[in-house]
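Observations on the three-dimensional arrangement
Here is what each chain is made of, one letter per residue.
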Amino acid sequence: MTKRLPNTRGYYGPFGGRFAPETLMAVLSQLEKQYAAIKKDKAFRKELEFYLKEYAGRPTRLYLAKGLSAHLKKLKVYLKREDLLHTGAHKINNTLGQILVARRMGKTRIIAETGAGQHGVATATCAALFGLKCVVYMGSEDVQRQSLNVLRMKLMGATVIPVESGSKTLKDAMNEAVRDWVTNVADTFYIIGSVAGFHPYPAMVRDFQSVIGREARRQFLALNKRLPDYLLACVGGGSNAMGLFHPFYADASVKMIGVEAAGHGVHTQQHAATLNLGTTGVLHGSKSKLLQNSDGQVQVAHSIAAGLDYPGVGPEHAYYQASGRAQYVTVTDVDAIEGLKLLSRLEGIIPAMETAHAIAYLPRLARRVKKTATVIVCLSGRGDKDMNQISQLI
Ligand SMILES: *Cc1c(COP(=O)(O)O)cnc(C)c1O
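Quick notes on the rules
Here the residue numbers are simple positions, counted from 1 along each chain's written sequence. Only residues with pLDDT of 70 or above have their local features reported here, since the model is predicted, and side-chain atom pairs are shown and tallied only from 80 upward, although totals for entire chains, interfaces and linings are computed over all residues. Note that the side-chain values use all heavy atoms of the structure and ignore hydrogens as well as water. In this description a helix means any DSSP run of H or I spanning at least four residues, a strand means any run of E spanning at least two, and both kinds are numbered starting from the N terminus. Restricting the calculation to C-alpha atoms gives the radius of gyration, and the globule rule supplies 2.2 Å times the number of residues raised to the power 0.38. Summary of the burial criterion: residues with accessible area below 20% of their type's maximum are buried, those above 50% are exposed, and those between are partly exposed, where the area comes from a 1.4 Å probe applied to protein chains only. Contacts are residue-level and defined by heavy atoms, with any inter-residue pair within 4.5 Å sufficient. Only the protein chains shown count as cover for residues, and all accessible areas are computed by the Shrake-Rupley method using a 1.4 Å probe. By the counting rule applied here, Lys and Arg register as positive and Asp and Glu as negative, while His and the ends of each chain are not counted. For this purpose, a charge sits on NZ of Lys, CZ of Arg, CG of Asp or CD of Glu. Pairing between strands is defined by DSSP: at least two bridges between them are needed. Angles here are taken between N-to-C directions and fall from 0 to 180 degrees, while the axes themselves are lines fitted to C-alpha atoms, restricted in helices to the stretch in contact. Pairing of aromatic side chains requires ring centres within 6.5 Å, counting the rings of Phe and Tyr and the six-membered ring of Trp. Pairs whose planes differ by under 30 degrees are stacked, by over 60 edge-to-face, and all others tilted. Whether a residue is near a molecule or strand depends on its heavy atoms: it is near if one of them lies within 4 Å of it. In protein, a polar contact means a hydrogen-donor-capable atom and an acceptor-capable atom, both N or O and within 3.5 Å, with residues adjacent in sequence counting only if both atoms are side-chain atoms; elsewhere, any N or O pair within 3.5 Å suffices. Residues are grouped as follows: Ala, Val, Leu, Ile, Met, Phe, Trp, Tyr, Cys and Pro are nonpolar; Asp, Glu, Lys and Arg are charged; every other residue, Gly included, is polar. Those domain boundaries reflect an automatic or database domain assignment. Values of pLDDT, the confidence the predictor places in each residue, fall between 0 and 100. Only one rule defines a salt bridge in this text: a Lys or Arg side-chain nitrogen within 4 Å of an Asp or Glu carboxyl oxygen. Any two cysteine sulfur atoms within 2.5 Å of one another count as a disulfide. Put simply, buried area is how much 1.4 Å-probe accessible surface two parts lose in total, over both of them, once they are put together.

For the protein, the helix and strand inventory stands at 16 helices and 14 strands. A globule of 394 residues ought to have a C-alpha radius of gyration of about 21 Å, and the protein, at 19 Å, matches this closely. In terms of overall dimensions, the protein has a C-alpha envelope of 55 × 45 × 40 Å along the principal axes. Relative to its full complement of 394 residues, the protein shows a buried share of 59%. A fraction of 73% describes how many contacts in the protein between residues 6 or more apart in sequence connect residues 24 or more apart. If you sum the accessible surface of the protein, you get close to 16500 Å²; carbon and sulfur atoms cover 53% of it. Of the side chains in the protein, 50 bear a positive and 31 a negative charge, and the two mean positions are spaced by 9 Å.

This part is about the sheet that holds strand β5 (residues 109–114). With parallel pairing, the 4 strands of this open sheet are ordered in space as β7-β6-β5-β8. The strands lining the two open edges of the sheet, one partner per strand, are β7 (159–163) and β8 (188–190). Averaged over all pairs of adjacent strands, the angle between strand axes in this sheet comes to 25 degrees, irrespective of strand direction. Two strands pair when backbone bridges link them, and β5 and β8 are joined in this way by 3 bridges, in the parallel orientation. Residue pairing for β8: arginine 109 is matched across the bridge by threonine 188. Here helix α5 (residues 118–130) sits on the sheet and contacts β5 and β6 (133–139); the angle it forms with β5, its principal contact strand, is near 165 degrees.

The strand order across the open sheet formed by 6 strands is β3-β4-β14-β9-β10-β13, and the pairing between neighbours is mixed. Two strands in the sheet have a free side with no partner beyond their single neighbour: β3 (62–64) and β13 (326–332). Recorded for the sheet is a direction-independent mean angle of 30 degrees between the axes of neighbouring strands. Bridge count for strand β4 (residues 75–80) against strand β14 (residues 373–378) is 6 bridges, and the pairing is parallel. Paired with leucine 75 across the bridge in β14 is alanine 373.

Taken as a whole and assessed by the stated rule, the structure comprises 10 aromatic pairs. Ring centres of phenylalanine 50 and tyrosine 51 lie 5.1 Å apart, and the angle between their planes is 90 degrees; on these two criteria the pair is classed as edge-to-face. A relative accessible area of 47% places phenylalanine 50 in the partly exposed class. The exposure class of tyrosine 51 is buried, given its relative accessible area of 18%. Measuring from centroid to centroid gives 4.9 Å for tyrosine 51 and phenylalanine 130, while their planes differ by 70 degrees, and the two rings are edge-to-face.

Around the ligand, 17 residues are found, and the nearest of them are Lys91, Ser194, Gly236, Gly238 and Ser239. Here histidine 90 contributes a side-chain N or O atom positioned 3.0 Å from an oxygen atom of the ligand. A distance of 2.6 Å separates an oxygen atom of the ligand from a polar atom in the side chain of lysine 91. Split into classes, the residues belonging to the shell around the ligand amount to 4 nonpolar, 11 polar and 2 charged. When residues of the shell around the ligand are assigned to domains, at least three map to each of domain 1 (2–51 + 91–205) and domain 2 (57–88 + 210–393).

Here the protein shows a mean pLDDT of 96. Residues at 70 or above account for 99%. The element-level mean pLDDT for the protein is lowest in helix α6 (residues 140–145), coming to 89, with strand β9 (residues 230–234) highest at 99.

Tallying each qualifying case throughout the model produces 20 salt bridges. Between arginine 104 and aspartate 41 there is a salt bridge; the shortest N-O distance is 2.6 Å. Note that arginine 104 is positioned in helix α4 (residues 91–104) and aspartate 41 in the loop between α1 (22–40) and α2 (42–56), a separation of 63 residues in sequence. For aspartate 41, a relative accessible area of 29% puts it in the partly exposed group. Salt-bridge contacts for glutamate 47 lead to arginine 103; the nearest nitrogen and oxygen are separated by 3.2 Å. Of this pair, glutamate 47 sits in helix α2 while arginine 103 is found in helix α4, placing the two residues 56 residues apart along the sequence. Taking the relative accessible area as the measure of exposure, arginine 103 reaches 36% and is therefore partly exposed. Among the charged side chains, a salt-bridge network with shared partners connects Lys39, Arg206, Asp207 and Glu316.

Attention shifts here to the state of the cysteines. Evaluation of the coordinates by the stated rule reveals 0 disulfides. With no disulfide of its own, cysteine 134 lies 9.4 Å from the sulfur of cysteine 126, the closest cysteine sulfur. You can see cysteine 378 has no disulfide; the closest cysteine sulfur is in cysteine 234, sitting 7.2 Å from it.

Moving on to the domain arrangement of the protein. Domains assigned within the protein are domain 1 (2–51 + 91–205) and domain 2 (57–88 + 210–393). Spacing between the C-alpha centres of domain 1 and domain 2 amounts to 23 Å. If you look at the interface, domain 1 gives 29 residues, while domain 2 gives 32 residues. Roughly 2500 Å² of surface becomes buried between domain 1 and domain 2 when both sides are summed, with 68% attributable to carbon and sulfur atoms. Contact with domain 2 buries surface across domain 1, with Phe15, Asn93 and Val195 losing the most and accounting together for 24% of the total. Inspection of the region where domain 1 meets domain 2 yields 0 salt bridges. Every element with two or more residues in the side of domain 1 that touches domain 2 is listed here: β2 (15–16), α4, α5, α8 (170–184) and α9 (201–209). When the residues that make up the side of domain 1 that touches domain 2 are grouped by side-chain class, the tally is 15 nonpolar, 11 polar and 3 charged.

The following block contains the structure:
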């Protein structure tokens, strides 16, 4: 039987919770209460459904990849096409959901923090759609590396604030966003981009991304009159994977595999394999696995995919791993490029560098299965954003 997770204090087994400055505690419990009421409201669900369909382009297709399946021989691969959504990835499922919650709560100003810039773009998009003020915090290092995403955000009317403190990356941008929120909480809503952060964010983001798995489950059943053998998705913070996995949680026969970035290799210091190599600790407001040294200092993560380059991971994934419900494997930078080429050549679909990690695991999965098996891969995003980087690599 499935337990209802998280519990009332935001825990998934030993993971999760709410580790926040005192000044935020009241704000977070107010958000928790209001979100619990809003998510049950029929008018809210209708409104979200409307924008997911008419603006973002849902439902996305579940596409049988015949060329790839023929190549792999023992796997029949279905692609859940989140890459076809407006803005080119799954992130808009969540930003649309949260901005509608913000509107219900009467907030007029949106803040976010972003590393690679993809969440910043998805947030700026929704803020423009609803005419809300939008401020995005971004490490100054990232502002330089991701200049095209900065341009996108600015075009859509967002203010991008480069953060000069600390390592000038995501971690520092997050601290600034929290500082802003504490100061401006009366009119401001903070949109977090993955299934991480203080309770109730991991559950809220999961709820909004679960549309992926709900659709995929229904679509697969309609096509095959049975459930898939495997689910496969890349894991950065874990939102596209959790979105696919969660609606299948109680289907014990469906095996779930999350793919982490091994960067230059799990034996080097340059990777983002948090669940495989991390230890338990607190990062960004919740307890989960994270990459840290023996003094508890957070390590810098590395991946060829900017969206996987995160030293933490959502607490629900840490719980799925510890309880054995899901398995988490790793794929290196070099193998991810092969994955990208494979899908491009065999299907005419260029995946995002993040997604390419999931694709790259398919040949290994094909070697594992005894007889022909079915798998749904979350095609979390398209590769357009990565073409500059790829032109330098190939
Ligand atoms: C941001 C991003 C990811 C990683 O984030 P998750 O929260 O782990 O889903 C994966 N794929 C794409 C295309 C992204 O933009």
